[in-house]
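# Close look at the chain arrangement
Each chain, written out:
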Amino acid sequence: MLDVNKIREDFPILNREIHGKKLIYLDNTATTHKPKQVIEAIKSFYEVYNANIHRGLHTLSQEASKMYEEAHDKVAEFIGADGREEIVFVRNSTEGLNLVAYAWGLKNLGEGDEIVTTLMEHHSNIVPWELVASIKKATVKYVPVKKDGTLNIEAMAEAITPRTKVVTVTHISNVLGTINDVREVGKLAREVDAIFVVDGAQSVPHMPIDVKALGCDFLAFSGHKMLGPTGTGCLYGRRELLEEMPPFLGGGDMIKSVGYDAKTGRCVCEWNMLPWKYEAGTPNIAGGIGLAAAVEYLQKIGMENVRQHERMLIEYTLKRVVDELSDITIYGPMDAEIRAGIFTFNVGDMNPHEVSLYLDKEWGIATRSGFHCAEPLHMLMGATKGTARASYYIYNTTEEIDVLVEALSKIPKKG
Ligand SMILES: Cc1ncc(COP(=O)(O)O)c(C=O)c1O
């Protein structure tokens, strides 16, 4: 198990006080805090070897390029990819999903084609597909979620047809905490030769991931949700697909050559090798190096230990809330085996924003309230005012959950 007290020493922000109370940070689904090791890696880049990459022959540029490239190797190893060629650094999960939707979708989708997804997606795995579908006259189909918060896999099987070209699903719902059986979904996608895209924003930071075992073609995730800097994220893509797809953004560094053809008056471009073909312009160099430090930090702890710690925290939460509190609606599966460390709830018919404000002001507890960028799911669940959400990570403790439960037991209820 994790030595949480020792881990907490690495996170300076956890010493903060909020409204006179010790900060209890339970908004990890939105973004996580950064350990000293990550902050130090970024500081060291700027203080010691700051330079642009892939451009200069001078020493600083060589050092920066090496560190930035090796950051890709670390991420590749972390998720079981075949090498840096399969790891594209992007700003966040959203950009990764847009990259697939546009670069793959514009080339391969046609009129009447189908994209099959679910009603438990984050907007970032809905909107890009809707945008590309409207350009290509394709259709997005949404598979419903069962009352217990799990994916309706039978309905998924029915929704997938020979017209299906893309199947895309979130690995873990950022609202329900449901851990979807993505391997099964992947099998369904393969039966019709559709590409299989996984939104790993909430899974890669919280459990061991092996992209080859998952059987996905693409996996998008956010560095800032796994101890890394903001403005970092990754898109894993199967090498053959990344080779054959056109680039997403054009500009410097993503080309091998740009030749001007005087006869046609046009420029002819040859793409750079993977993954740089998809990283146009000066990237977030410090961010990528910081992300590698985050990956190293998580590897030292062990991702199975991360998962088991969060499993324990959510099990503890669900039990205490069910046994001791009344008038709380819990959303998502009650079985911790298939649930991540995400506790989404409502208190009576209180507005979730009031709940979140109360927790912050009176108890120093940071939670999130609203639709969590998953409005269709909230409408399906009948949570028309949204929900409140407490979400955990490696530095959270059962003592912090005790404070949350006590705070909820004393909440002044208003309609
Ligand atoms: C499941 C899921 N997908 C995608 C995203 C988008 O992540 P980002 O804002 O880092 O792009 C989030 C963010 O909360 C998420 O929870």
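Residues numbered from 1 in each chain as written. Predicted model: local features only at pLDDT ≥ 70, side-chain atom pairs only at ≥ 80, totals over all residues.

Attention now goes to the domain arrangement of the protein. Split by domain assignment, the protein resolves into domain 1 (4-26 + 302-409) and domain 2 (39-299). Using C-alpha coordinates to define each centre, domain 1 is positioned 28 Å away from domain 2. Every contact between the two is made by 22 residues of domain 1 and, on the other side, 23 residues of domain 2. Those elements giving two or more residues to the side of domain 1 that touches domain 2 turn out to be α11 (303-324), β14 (342-347) and α13 (375-381). Counting residues per element, the side of domain 1 that touches domain 2 draws most heavily on α11, at six residues. (Domains from an automatic or database assignment. Contact = placed C-beta atoms within 7 Å. Helix = DSSP H or I, 4+ residues; strand = E, 2+ residues; numbered from the N terminus.)

Given a rise of 1.5 Å per residue, 21 residues ought to cover 30 Å, and the 31 Å separating the end C-alpha atoms of helix α3 (residues 59-79) matches this to within 8%. Within α3, burial applies to Ala64, Tyr68, Ala71, His72, Val75, Ala76, Phe78 and Ile79. The elements touched by buried residues of α3 are α2 (36-49), β4 (87-90), α8 (211-214), β9 (218-222), β10 (233-237) and α10 (285-301). (Expected span 1.5 Å × (residues − 1). Buried ≥ 20, exposed ≤ 12 C-beta atoms within 10 Å, placed from the backbone.)

It is worth spelling out the packing of α2 against α10 at this point. Taken N-terminus to C-terminus, the directions of α2 and α10 make an angle of 150°; their axes are 8 Å apart at the nearest point. Like other packed secondary-structure pairs, α2 and α10 cross with a definite hand, here right-handed. Where α2 approaches α10, its residues Gln37, Val38, Ala41, Ile42, Phe45 and Tyr46 are matched on the opposing element by Ile285, Ala286, Ile289, Gly290, Ala293, Ala294 and Tyr297. In terms of residue class, the contact of α2 with α10 is built from 11 nonpolar, two polar and no charged. (Axes fitted to C-alpha atoms, helices over the stretch in contact; angles between N-to-C directions. Left-handed = near helix turned anticlockwise from the far one by under 90°. Nonpolar A, V, L, I, M, F, W, Y, C, P; charged D, E, K, R; others polar.)

Glancing now at the packing of α11 against helix α14 (residues 398-409). The N-to-C vectors of α11 and α14 enclose an angle of 25°; their axes lie 10 Å apart at closest approach. By the angle between their directions, the pair α11 and α14 is classed as roughly parallel. Like other packed secondary-structure pairs, α11 and α14 cross with a definite hand, here right-handed. Note on element contacts: α14 touches α11 through Thr398, Ile401, Val405 and Ser409, opposite Leu313, Tyr316, Thr317, Arg320, Val321 and Glu324. The class makeup of the residues in the contact of α11 with α14 is five nonpolar, three polar and two charged. (Parallel < 35°, antiparallel > 145°, perpendicular 65-115°, else oblique.)

Time to look at the pairing of strand β6 (residues 139-143). When strand β5 (residues 114-118) meets β6, the two strands line up parallel, connected through five bridges. Bridge assignment links Thr117 to a residue of β6, and that residue is Tyr142. Crossover connection from β5 via helix α5 (residues 127-136) to parallel β6: handedness right-handed. (Pairing = 2+ DSSP bridges. Right-handed = clockwise from strand over helix to strand, strands pointing away.)

Moving on to the sheet that holds strand β7 (residues 164-170). Taken together, seven strands build an open sheet; the order of strands is β4-β10-β9-β8-β7-β5-β6 and the sheet is mixed. Looking at which strands have only one partner, the edges of the open sheet turn out to be β4 and β6. Recorded for the sheet is a direction-independent mean angle of 20° between the axes of neighbouring strands. Relative to β10, β9 runs antiparallel, the two sharing five bridges. Of the residues in β10, the one forming a bridge with Leu219 is Tyr236. In this fold helix α4 (residues 93-108) packs onto β4, β7, β8 (195-199), β9 and β10, with an angle of close to 35° to the strand it touches most, β10.

This paragraph deals with the sheet that holds strand β13 (residues 328-331). Through backbone hydrogen bonds, the strands of a sheet pair up, either in parallel or in antiparallel fashion. The strand order across the open sheet built from four strands is β13-β14-β17-β16, with neighbouring strands paired in antiparallel fashion. Of all the strands in the sheet, just β13 and β16 (368-370) have a single pairing partner and so form its edges. Across the sheet, the axes of successive neighbouring strands diverge by a mean angle of 30°, strand direction being ignored. Bridge count for β16 against strand β17 (residues 387-391) is three bridges, and the pairing is antiparallel. Looking at the pairing, Arg368 lines up with Arg389 of β17.

The next thing to look at is the environment of His224. Topologically, His224 is positioned in the loop between β9 and β10. Between the C-alpha atom of His224 and that of His54, which follows or precedes it by 170 residues, the distance is 25 Å.

It is worth spelling out the pairing of β14 at this point. Judged by how many residues are buried, β14 sits mostly within the fold: six of six residues are covered. Residues Ile342, Thr344 and Asn346 of β14 are buried on one face, and the alternating residues Phe343, Phe345 and Val347, pointing to the opposite face, are buried as well. In this structure, β13 lies alongside β14, joined through four bridges in antiparallel fashion. Opposite Ile328, over in β14, you have Val347 as the bridge partner.

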